[in-house]
Amino acid sequence: MNDTNDFADIHEIFLEECAENLDVLEAGLLELKTGVTDLDLLNNIFRAAHSIKGGAATFGFIPISEFTHHMETLLDEMRNENLQPSSESGHILLSCVDVLRAMMEESSGGVAVEQANIEKHINQLKQIGIGVTQNEARTTSKLSAEASTEVSTELAQVGAFQRVWSIRFKPKPHLLETGNDPLNLFQELEKLGALTVKAKTGKVPDIEMIDPHQCFIHWELKLIGEVSEDQIAEVFDWVEFDCELEIKAEDGIRELNSDIETINAKVQASQLMPGTSTKENEGKEDEVANSATVTVEAPSSKQAKPNPEAGSIRVSTHKIDQLIDLVGELVITQSMLRRFGEEASEVDQEALRDSVSELLRNTRQLQESVMMIRMLPISFCFARFPRLVHDMSAKLGKKINLEMVGENTEVDKTVLEKISDPLVHLVRNALDHGIESPNDRLAAGKNQTGTITLKAFHEGANVVLQIIDDGAGLNRTRILAKAIEKGIVSESEELTDEQIDQLIFKPGFSTAEAVSDVSGRGVGMDVVRRNIVQLSGRVDVKSVPGQGSILTISLPLTLAILEGQLIRVGNQIFIISLLSIIETVSVDHSLVNNIAGDADVYRLRGEHIPIIHLSDYAELPADRPGADRLLVIVEGEGQRVGILVDELLGQQQVVIKSLEKNFRAVPGVTGATILGDGTVALIIDTPGLLKKYLSGDWQIKSLLSAKKRPFSDDFVVNGHN
Amino acid sequence: MENALSQTLVDETQGNQQLTFILSGEEYGVDILQVQEVKSWTATTPIPGTPDYVLGVINLRGTIVPVIDLRVRFGADSVSFNNETVIIVVRVNCAVGNRTVGMVADAISEVYDLNSEDVKPPPDFGTTVSIHYVRSLVSMPNGMVILLDVDKLISESIFGVIDQQTDSIEVSHVDTTH
């Protein structure tokens with residue numbers, strides 16, 4: 001690997017970690033309550049910003065580092081309780097998170113961030129900071145005055161502003177393997193003041209059992225100097241998660257500070273709104289009253305990070321994909337073997353068949369396990385919604401509460417990535433159109449605050465996502481009116497409530513009076529449905545006027561494997577997804593009608609189903625002209641179609657292979673697979689095929705090439721061809 | 001077949017080793033560094049809606065690889081395939097990424113190490129294939145070898161549509177939203 005590759009890798013790793021830290025930062029900021037100083041939360045937020053700043057500086061992203069520095073300064077003031085979180089500071093900090101995200105995208109080759117925007121944010125941060133510095137100056141002078149009267153002898157010897165710190169540093173055994181050397185850390189500390197070091201070797205094993213790569217010594221240090229706790233903590237930044245660290249103040253000053261903190265806390269408590277905040281505050285008071293010990297350990301599970309800390313490793317998706325490919329090959333090999341098993345002689349057949357069955361079982365299990373590796377909790381996707389709801393409800397002037405249920409439900413990674421945008425659109429719709437304004441809600445006898453619930457759960461072989469709102473529900477009158485206006489339905493048509501609801505998925509549909517930048521362009525719902533259908537999923541809506549709506553999305557658990565029905569047209573084998581097949585009928589010629597010389601339709605129990613001649617699409621000669629053929633009735637995007645085939649072959653699990661990898665996308669086909677005999681079969685994309693059929697593409701071709709279609713010969717209504 | 005091997009120097013940095021093949025009586029060359037393998041002819045699965053020169057796809061050890069009939073691509077008539085027919089699998093660089101594609105040729109010829117002096121710019125006319133894909137011409141004792149720019153050739157075979165009359169390339173927008 002050459003140098004540029006290495007650098008690109010490190011670059012990417014940094015950006016990944018930065019993105020994670022930004023998520024932590026954002027989640028923490030959203031949790032901040034006005035006027036409450038939650039030290040744990042503030043420390044978390046500060047640490048996230050600090051990591052970003054440090055990482056950025058190390059890898060040369062200076063502008064990001066500098067920008068984060070300003071955020072960090074402000075956050076530092078907050079966690080030192082010189083500044084209380086306010087909605088203004090929260091808002092600005094969240095806005096800064098957005099700027100940081102944009103700056104990160106810029107360094108990945110994205111759009112450049114305007115310098116003016118960056119500076120505007122820095123100024124806003126500074127503005128808030130100005131108020132603080134003045135406060136700080138007052139507090140410090142007050143402190144120093146008191147310190148001179150209450151100081152101990154030791155302190156008197158040490159000097160008015162000198163601090164005495166006792167540090168307990170207990171590295172985890174693997175610390176040395178991370179490339180960190182305690183000696184370096186102590187040398188850094190020495191620069192801050194007078195340092196005494198005491199090594200505790202009690203845990204060091206006997207010489208026969210010692211592993212020189214591991215560290216079993218822990219240290220007690222004493223540092224005297226004009227040093228703040230933060231400066232000490234900063235020295236241990238790199239090893240934060242690889243050790244246990246305790247920094248204790250041994251002088252009188254901290255105790256004094258804690259008294260002041262207690263007073264501050266009591267004042268805050270009286271100012272706060274009743275309810276949750278007071279409870280938090282009580283806990284904090286106790287915390288503050290104790291000596292200010294800082295224990296830095298592995299991040300607690302309270303962090304909003306969806307990643308479970310224990311026992312997990314990062315694996316590149318490339319490796320997983322390779323593994324999945326191999327398992328796919330195994331499935332194919334096993335189906336090849338099955339064929340041999342069927343063709344073997346009587347004597348060997350039984351034994352062979354048993355072995356092959358066993359292999360089949362093992363392969364299925366292996367396959368399931370490997371598929372599970374690609375599964376990620378839906379929380380990764382849900383994570384963006386608190387912020388979205390927070391911003392949008394502010395923008396729309398509505399009060400909205402977001403609930404999330406079943407965040408641990410696991411979904412295939414690709415599905416997760418592709419369902420994100422549709423979900424965002426649906427939630428925005430619920431926020432914009434579903435939930436009414438606070439006044440309207442009150443007038444309707446509802447609680448001012450509306451609730452949107454995101455629910456995820458497994459059902460059979462599917463994962464189901466639901467967006468539930470307690471808003472006004474779908475306005476059927478408006479929807480019907482708009483549909484008529486756009487010509488989607490005729491005035492005379494009688495539609496059931498459910499059918500009216502389904503109209504929102506039609507292209508170009510939107511009842512929004514004004515197109516806001518949030519929704520209303522009328523391109524949304526049909527695109528959402530298309531995206532979901534592309535994932536082999538379904539989307540549906542249920543609504544009760546005045547009470548709310550439920551949007552249900554159903555997706556398959558895995559995308560790489562398909563339950564397929566093999567069909568033959570001419571000498572070619574195609575695959576149709578079993579899920580999309582409703583039924584298969586043997587064609588009854590008397591039920592076929594020809595319309596305007598072009599299209600054949602089949603009368604199935606009162607419904608007219610268009611017939612697609614797959615032989616036309618595949619540009620193959622029809623098998624047995626006029627003979628009995630089969631019609632496979634499939635459903636794609638709410639429409640039923642009959643695909644005319646020559647023969648139904650077996651059903652099997654089919655591994656989907658990409659056509660686009662080495663070729664390109666082919667309309668009407670979603671991919672290919674390798675059959676038991678090693679040949680390639682194409683997988684039909686039912687909605688795509690239908691679209692091609694409707695656009696008349698090959699119809700015209702088949703007319704020109706004068707291909708004879710069996711039925712038209714017998715049952716032409718308009719005397720054509 | 002005699003070649004100029006003994007008289008020329010190998011210049012590896014310039015990638016001047018060429019694998020040559022016969023097509024409609026002409027000898028063409030491709031940079032050997034782009035050749036992944038050469039295999040005997042196997043039946044392809046045709047893809048609906050593709051130009052005639054796209055024969056279809058094959059299964060190459062688990063990967064789906066498209067196969068292009070170069071005779072048809074270069075405007076000649078297609079012939080039936082015999083046991084000399086080969087599929088040359090090349091790895092090319094398209095605008096959208098790398099692709100592994102097979103090209104059908106009548107037969108494999110040689111591997112030549114070329115000296116940069118032997119390599120001449122393409123003439124204005126005189127070849128059966130569009131000048132667009134010819135990188136250069138090389139004079140060999142047995143005749144002229146036409147060196148192909150496979151990146152361009154394959155790229156446009158997959159994504160582009162050639163206007164045979166004007167020899168201009170029209171890139172089609174493949175509708176991927178289905």
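Quick caveat, the model's predicted, so the values are computed rather than measured.

## Observations regarding the overall build of chain A
Of the regular secondary structure elements, chain A holds 23 helices and 23 strands. Relative to its 721 residues, chain A shows a buried fraction of 30%. Excluding contacts between residues fewer than 6 apart, the proportion of contacts in chain A whose partners are at least 24 apart in sequence is 70%.

## Comments concerning the overall build of chain B
A count of helical and extended segments in chain B gives 2 helices and 13 strands. In chain B, buried positions account for 31% of the 178 residues. Pairs at least 24 apart in sequence give 53% of the contacts found in chain B among residues at least 6 apart.

## Brief notes about the sheet that holds strand β12 (residues 548-556) of chain A
Across a sheet, strands are paired by hydrogen bonds formed along the backbone, either parallel or antiparallel in direction. Residues and elements named next belong to chain A. Taken in spatial order, the 5 strands of this open sheet run β7-β9-β10-β12-β11, and their pairing is mixed. Unpaired on one side and paired on the other, β7 (400-405) and β11 (538-544) mark the two borders of the sheet. Neighbouring strand axes in the sheet, compared pairwise and without regard to direction, differ in orientation by 15 degrees on average. As judged from the 8 bridges shared by strand β10 (residues 462-469) and β12, these two strands associate in the antiparallel manner. Bridging from a neighbouring strand, V463 pairs with L555 of β12. Running over the sheet, helix α15 (residues 413-434) touches β7, β9 (450-459), β10 and β12 and is turned about 20 degrees from β10.

## Some words on the packing of helix α14 (residues 385-396) of chain A against α15 of chain A
To describe two helices that pack against each other, one gives the angle between their axes and the distance between the axes. All names here are of chain A. Closest axis-to-axis distance for the α14/α15 pair is 10 Å, and the angle between their directions is 30 degrees. With respect to their mutual orientation, α14 and α15 come out roughly parallel. Crossing hand, α14 versus α15: right-handed. Contact residues: α14 offers F385, L388, V389, M392, S393 and L396, while α15 offers V424, V427, R428, L431 and D432. Tallied by class, residues from the contact of α14 with α15 come to 8 nonpolar, 1 polar and 2 charged.

## Describing the sheet that holds strand β14 (residues 572-577) of chain A
All names here are of chain A. Reading across the sheet, the 5 strands line up as β21-β13-β14-β23-β22 and stay open at both edges, with mixed pairing between neighbours. Two strands in the sheet have a free side with no partner beyond their single neighbour: β21 (647-655) and β22 (669-674). Neighbour-to-neighbour, the strand axes of the sheet open up by a mean angle of 35 degrees, direction not taken into account. Where strand β13 (residues 561-569) and β14 come together, 6 bridges link them in antiparallel fashion. Considered in β14, the bridge of Q565 is made with I576.

## A closer look at the nonpolar core
Formed by 81 residues in total, the largest nonpolar core has its most connected members in F574, I576, I612, L614 and I643 of chain A together with V57 and M103 of chain B. Counting the residues that make up this core, at least three belong to each of domain 3 (317-374) and domain 5 (561-715) of chain A. I378, I504, M525 and V539 of chain A belong to the second-largest nonpolar core, a separate cluster that totals 34 residues.

## As for the confidence of the model for chain A
All names here are of chain A. Taken residue by residue, chain A gives an average pLDDT of 76. The fraction at 70 or more is 77%. For chain A, the element scoring lowest by mean pLDDT is strand β5 (residues 294-296), at 33; strand β23 (residues 680-684) scores highest, at 94. Throughout residues 139-160 the model reports pLDDT below 50, and contacts reaching past four residues in sequence, or to other chains, amount to 17 contacts. Low pLDDT, under 50, characterises residues 514-522; the predicted model gives this stretch 18 contacts beyond four residues in sequence or across chains.

## As for the environment of V99 of chain A
Residue and element names in this part refer to chain A. Looking at the element boundaries, V99 is found in helix α4 (residues 87-107). The exposure class assigned to V99 is partly exposed, which follows from the 19 C-beta atoms found within 10 Å. Spatially, the C-alpha atoms of V99 and V113 are 7.8 Å apart, while their sequence positions differ by 14 residues. Setting aside residues up to four positions removed in sequence, V99 forms contacts with F67, V113, N117, I118 and H121.

## Digging into the environment of A672 of chain A
Within the element layout of this structure, A672 of chain A appears in strand β22. Judged by local crowding, A672 of chain A falls into the buried class, with 24 C-beta atoms found within 10 Å. In this structure, the C-alpha to C-alpha distance between A672 of chain A and L682 of chain A, residues 10 residues apart in sequence, is 4.3 Å. Among residues more than four places away in sequence, those in contact with A672 of chain A are K657, L659, V680, A681, L682 and I683 of chain A together with V57 and I64 of chain B.

## Structural notes on the environment of S437 of chain A
Residue and element names in this part refer to chain A. Of note, S437 is situated in the loop between α15 and α16 (438-443). Put simply, S437 and Q448 are 11 residues apart on the chain and 8.0 Å apart in space, counted from C-alpha to C-alpha. With residues near it in sequence (within four places) discarded, S437 still touches G397 and K398.

Conventions used here
- Residues numbered from 1 in each chain as written.
- Chains lettered and ligands numbered in written order.
- Predicted model: local features only at pLDDT ≥ 70, side-chain atom pairs only at ≥ 80, totals over all residues.
- Helix = DSSP H or I, 4+ residues; strand = E, 2+ residues; numbered from the N terminus.
- Buried ≥ 20, exposed ≤ 12 C-beta atoms within 10 Å, placed from the backbone.
- Contact = placed C-beta atoms within 7 Å.
- Pairing = 2+ DSSP bridges.
- Axes fitted to C-alpha atoms, helices over the stretch in contact; angles between N-to-C directions.
- Parallel < 35°, antiparallel > 145°, perpendicular 65-115°, else oblique.
- Left-handed = near helix turned anticlockwise from the far one by under 90°.
- Nonpolar A, V, L, I, M, F, W, Y, C, P; charged D, E, K, R; others polar.
- Core = buried A, V, L, I, M, F, W, Y, C linked by C-beta atoms within 7 Å.
- Domains from an automatic or database assignment.
- pLDDT = per-residue confidence, 0-100.

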